[in-house]
2 protein chains.
Amino acid sequence: MKSNFHRPPSIVHRRIVALAGGVGGAKLAHGLAQILPPEDLTVIVNTGDDFEHLGLYICPDLDTVCYTLAGLANPKTGWGRANESWQAISNIERLGGPNWFRLGDQDFATHIERTRRIKEGQCLSEITRDFCKAWGIKHTILPMSDNPVRTIVETDEGDLAFQEYFVHRRCEPRVKGFRFNGIEKAEAAPGAREAIQSADAIIICPSNPWVSIAPILAVPGLRSKMEAKKVVAISPIIGGQAVKGPAAKMYRELGIEPSALAVAKQYEGLATDFALDKIDSHLEAEIRSLNMRTLVTKTLMKNVKDRRRLAEDVLHFIGTAS
Amino acid sequence: MKSNFHRPPSIVHRRIVALAGGVGGAKLAHGLAQILPPEDLTVIVNTGDDFEHLGLYICPDLDTVCYTLAGLANPKTGWGRANESWQAISNIERLGGPNWFRLGDQDFATHIERTRRIKEGQCLSEITRDFCKAWGIKHTILPMSDNPVRTIVETDEGDLAFQEYFVHRRCEPRVKGFRFNGIEKAEAAPGAREAIQSADAIIICPSNPWVSIAPILAVPGLRSKMEAKKVVAISPIIGGQAVKGPAAKMYRELGIEPSALAVAKQYEGLATDFALDKIDSHLEAEIRSLNMRTLVTKTLMKNVKDRRRLAEDVLHFIGTAS
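## Section: the packing of helix H1 (residues 23–35) of chain B against helix H13 (residues 304–319) of chain B
Residues and elements named next belong to chain B.
Part 1 of the argument: Remark: H1 packs on H13, axes separated minimally by 7 Å, with the N-to-C direction vectors making an angle of 75°. Classified by the angle between their axes, H1 and H13 sit roughly perpendicular to one another. Contacts between H1 and H13 pair Lys 27, Leu 28, His 30, Gly 31, Leu 32, Gln 34 and Ile 35 from the former with Arg 307, Arg 308, Leu 310, Ala 311, Glu 312 and Leu 315 from the latter.
Part 2 of the argument: For the contact of H1 with H13, the class distribution of residues is six nonpolar, three polar and four charged.

## Topic: the packing of helix H3 (residues 87–94) of chain A against helix H4 (residues 105–119) of chain B
Part 1 of the argument: One can describe the packing of H3 of chain A onto H4 of chain B by two numbers: an axis separation of 7 Å at closest approach and a directional angle of 45°. For the element pair H3 of chain A / H4 of chain B, the angle class is oblique. Crossing angle aside, the handedness with which H3 of chain A passes H4 of chain B is right-handed. Judged by residue contacts, Gln 87, Ala 88, Asn 91 and Ile 92 of chain A of H3 of chain A engage Asp 105, Gln 106, Phe 108, Ala 109, Ile 112 and Glu 113 of chain B from H4 of chain B.
Part 2 of the argument: For the contact of H3 of chain A with H4 of chain B, the per-class residue count stands at five nonpolar, three polar and two charged.

## Topic: the confidence of the model for chain A
Part 1 of the argument: Averaged over all residues, the pLDDT of chain A is 94; the fraction at 70 or higher stands at 95%.
Part 2 of the argument: Our summary of model confidence lists the complex with pTM equal to 0.92 and ipTM equal to 0.90.

## Comments concerning the relation of the copies chain B and chain A
Part 1 of the argument: The transform that puts chain B on chain A rotates by 180° and translates by 0.0 Å along the axis, for an RMSD of 0.0 Å. Taken together, the rotation angle and the small translation identify this as a two-fold axis. When C-alpha distances to the rotation axis are compared across chain B, the minimum falls at Asp 105 of chain B, with a value of 3.2 Å.
Part 2 of the argument: When the interface residues of chain B are mapped onto chain A, 100% of them again fall at the interface, so both copies present the same face.

## Notes on the interface of chain B and chain A
Interfaces are frequently sized by the accessible area removed from exposure as the parts join.
Part 1 of the argument: Listed as interface residues are 23 residues of chain B and, on the opposing side, 23 residues of chain A.
Part 2 of the argument: Every element with two or more residues in the side of chain B that touches chain A is listed here: helix H3 (87–94), H4 and helix H5 (124–134) of chain B.
Part 3 of the argument: Here the side of chain B that touches chain A gets nine residues from one element, more than from any other, and that element is H4 of chain B.
Part 4 of the argument: Its residues assigned to classes, the side of chain B that touches chain A comprises nine nonpolar, eight polar and six charged.

## A few points about the sheet that holds strand E1 (residues 16–20) of chain B
All names here are of chain B.
Part 1 of the argument: As summarised here, the arrangement of the seven strands in space is E5-E2-E1-E9-E10-E13-E14, forming an open sheet in which the pairing is parallel. Taken across any chain shown, the strands that pair with only one partner, and hence form the sheet edges, are strand E5 (140–143) and strand E14 (293–297). For this sheet, the mean angle separating the axes of adjacent strands, direction not counted, is 20°.
Part 2 of the argument: Pairing analysis gives four bridges linking strand E9 (residues 201–204) to strand E10 (residues 230–234), with the strands arranged parallel. Bridge pairing links Ile 204 to Ala 233 in E10.

## Let's talk about the nonpolar core
Part 1 of the argument: With 208 residues, the main nonpolar core has Ala 18, Ile 204 and Val 232 of chain A together with Ala 18, Ile 204 and Val 232 of chain B as its most contacted residues.
Part 2 of the argument: If we ignore the near neighbours within four places in the chain, the residues touching Val 232 of chain A are Ala 201, Ile 203, Ile 204, Ala 271, Asp 273, Phe 274, Ala 275, Val 314, Phe 317 and Ile 318 of chain A.

## A look at helix H8 (residues 209–218) of chain B
Part 1 of the argument: Burial analysis of H8 of chain B places eight of its ten residues in the buried class, which makes it a mostly covered element.
Part 2 of the argument: For H8 of chain B, every residue scored as buried is listed here: Pro 209, Trp 210, Val 211, Ser 212, Ile 213, Pro 215, Ile 216 and Ala 218 of chain B.

## Describing the sheet that holds strand E7 (residues 158–161) of chain B
The strands making up a sheet are joined through hydrogen bonds of the backbone, oriented either antiparallel or parallel.
Residues and elements named next belong to chain B.
Part 1 of the argument: Reading across from one edge, E7-E6-E8 is the order of the three strands in this open sheet, with antiparallel pairing throughout. The strands lining the two open edges of the sheet, one partner per strand, are E7 and strand E8 (175–181). On average, each strand axis in the sheet is inclined to that of its neighbour by 25°, with strand direction left out of account.
Part 2 of the argument: Sheet analysis places strand E6 (residues 150–155) next to E7, joined by four bridges and oriented antiparallel. Each residue of the ladder has a partner; that of Glu 154, found in E7, is Asp 159.
Part 3 of the argument: The strands touched by H8 within the sheet are E6 and E8, with E8 carrying the most contacts at an inclination of about 35°.

## Re unusual backbone geometry
Residue and element names in this part refer to chain B.
Part 1 of the argument: Here Leu 54, not a glycine, exhibits a phi torsion of approximately 55°, which is positive.
Part 2 of the argument: Positionally, Leu 54 belongs in the loop between strand E3 (51–53) and strand E4 (56–58).
Part 3 of the argument: The exposure class of Leu 54 is buried, given the 23 C-beta atoms found within 10 Å.

## What about the environment of Ala 70 of chain A?
Residues and elements named next belong to chain A.
Part 1 of the argument: Tracing the backbone shows Ala 70 in helix H2 (residues 60–70).
Part 2 of the argument: Along the backbone, Ala 70 and His 30 are 40 residues apart, and their C-alpha atoms lie at a distance of 8.8 Å.
Part 3 of the argument: Setting aside residues up to four positions removed in sequence, Ala 70 forms contacts with Trp 135, Gly 136 and Ile 137.

## Description of the pairing of E1 of chain B
All names here are of chain B.
Part 1 of the argument: Most of E1 sits out of view: five of its five residues are buried.
Part 2 of the argument: Burial along E1 is two-sided: Ile 16, Ala 18 and Ala 20 facing one way and Val 17 and Leu 19 facing the other are all buried.
Part 3 of the argument: Pairing geometry for E1 and strand E2 (residues 41–45), over five bridges, is parallel. Across the sheet, Ala 20 pairs through a bridge with Val 45, a residue of E2.
Part 4 of the argument: In this region the chain leaves E1, passes through H1 and returns to the parallel neighbour E2; the handedness of that crossover is right-handed.
Part 5 of the argument: Pairing between E1 and E9: four bridges, direction parallel. Looking across to E9, one finds that Leu 19 is bridged to Ile 204.

Conventions we followed
Residues numbered from 1 in each chain as written. Chains lettered and ligands numbered in written order. Predicted model: local features only at pLDDT ≥ 70, side-chain atom pairs only at ≥ 80, totals over all residues. Axes fitted to C-alpha atoms, helices over the stretch in contact; angles between N-to-C directions. Helix = DSSP H or I, 4+ residues; strand = E, 2+ residues; numbered from the N terminus. Parallel < 35°, antiparallel > 145°, perpendicular 65-115°, else oblique. Contact = placed C-beta atoms within 7 Å. Nonpolar A, V, L, I, M, F, W, Y, C, P; charged D, E, K, R; others polar. Left-handed = near helix turned anticlockwise from the far one by under 90°. pLDDT = per-residue confidence, 0-100. Least-squares fit on C-alpha atoms with pLDDT ≥ 70 in both. Pairing = 2+ DSSP bridges. Core = buried A, V, L, I, M, F, W, Y, C linked by C-beta atoms within 7 Å. Buried ≥ 20, exposed ≤ 12 C-beta atoms within 10 Å, placed from the backbone. Right-handed = clockwise from strand over helix to strand, strands pointing away.

What follows is the structure, encoded as structure tokens:
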């Protein structure tokens, strides 16, 4: 297959597996997809956030990654569809149905058709492959597993299903821990282990380490396949704050000062390389002492150009001799 | 309850039960609802057309009647919602999903929320009552039964589920007969028998006798409750043609010349009164010979005014001493 992707001449041909959650992960994956040819990038996406709602099988992270790579994502929110309309959900609301999870009309189509196929016996990775094709996505996007894994947030108000915590309760309850129901029996999606096996490097995208990356790493067989590899993690914490979402709040509630260093410590023993923001350069020495090479760069992705630039920086970093 | 409905002084206070299918039935029910106070009108609607599609529980006739009485129906098609958008179905189409049953975004809300409630254990009549309330419908609309009844069209191409025949195959296969799966075990919806019991008259709306009215009459216990009553049927066949849908084609394929007379014969032994269009006045004598009083009037309902006028005509007719 001849590729139309123009790799900057300074970037060595490398097979990359990116691990991603929602918005932050999707942005870097999009940057990578702008540079790497389809055969060189596999994105493995967290499905611990998946849930059933309104009778539909919803995969928030998977959809965010797909919509982003397809150029269909809402540029303002980073999730959901661009040019979205809200006829269905506002009519559901009028009928007294649950309205706390705002689904747009185009987005509903994804969930309705996915649910239909699941009921027909298709598996999530197969459906995702078909959807990617329909959306014109050439790179490989895999759910971490075809088996249901459900992230449970253990809080001071009891155990909450992830979306219940995240959307319905707006991350307000204090976090005490996490578990991933079904993870022991989850098999890695077809192709995921092979992609890691043949990858030159694994990129852990700047996604929430607790609830986006941890579930992927917990799928039996995935982490162990990464252990001999070059693994570069990009900190989702910049200047002690999460760009988006509850990561910093989670660190604090678990008694950890949120910082790029805290992220690096979480990936200790796995990440060989670590990218942190310039604003956090004072943490570089301590991160190096964890036996990681470091890249200090601009990690905030405000626009599409930023995504590509960060992806280039990370690919250059990987290409550098250690 | 004080009613805001202004009954023309010449129309006697009468409790009415109307039996209705989709568009034609909905139009007359709407005419009746413009005249009768809420406590005096119960519409019992065919659910033999109901089906599951895209994982959703869809009730085409029930929704058409509700949308029409709520003033939400598409004035051009007579079914579906006014000012509808098609984002969800066109995106399902893009994903390769089934697109032969066109569902609008607002309409999807009805099916999604109904399906959610059914899965929660609510029954169809309860859901319909709640939806009517949300849509501002004051008259009572009942599904004929809370139990699933499925109309099967027996054709020269084999048995077809109703919507498969009606929408997907556009009524093309030749009809050989009909059956209503589940009808033996179907119980009349709560309140349906009581409404008939206490009604002064039953109005059989100008709906398809084969597939809209026959299923209602076949629900155990409903027809027998009508037998001592004044029952007026309005012919859906005008000048040998159906105003809408396959009724005339069905008569022909079953070896019967479609006409108001054929309709009257179908209701022989049940209907005490029969309304036919002026264009069919030559059939009046023969219909009378079936032991039915007749009303010859303009039965075509082209606009909202026509619905009210026909409803008034029928109510006057009922009010006349026999």
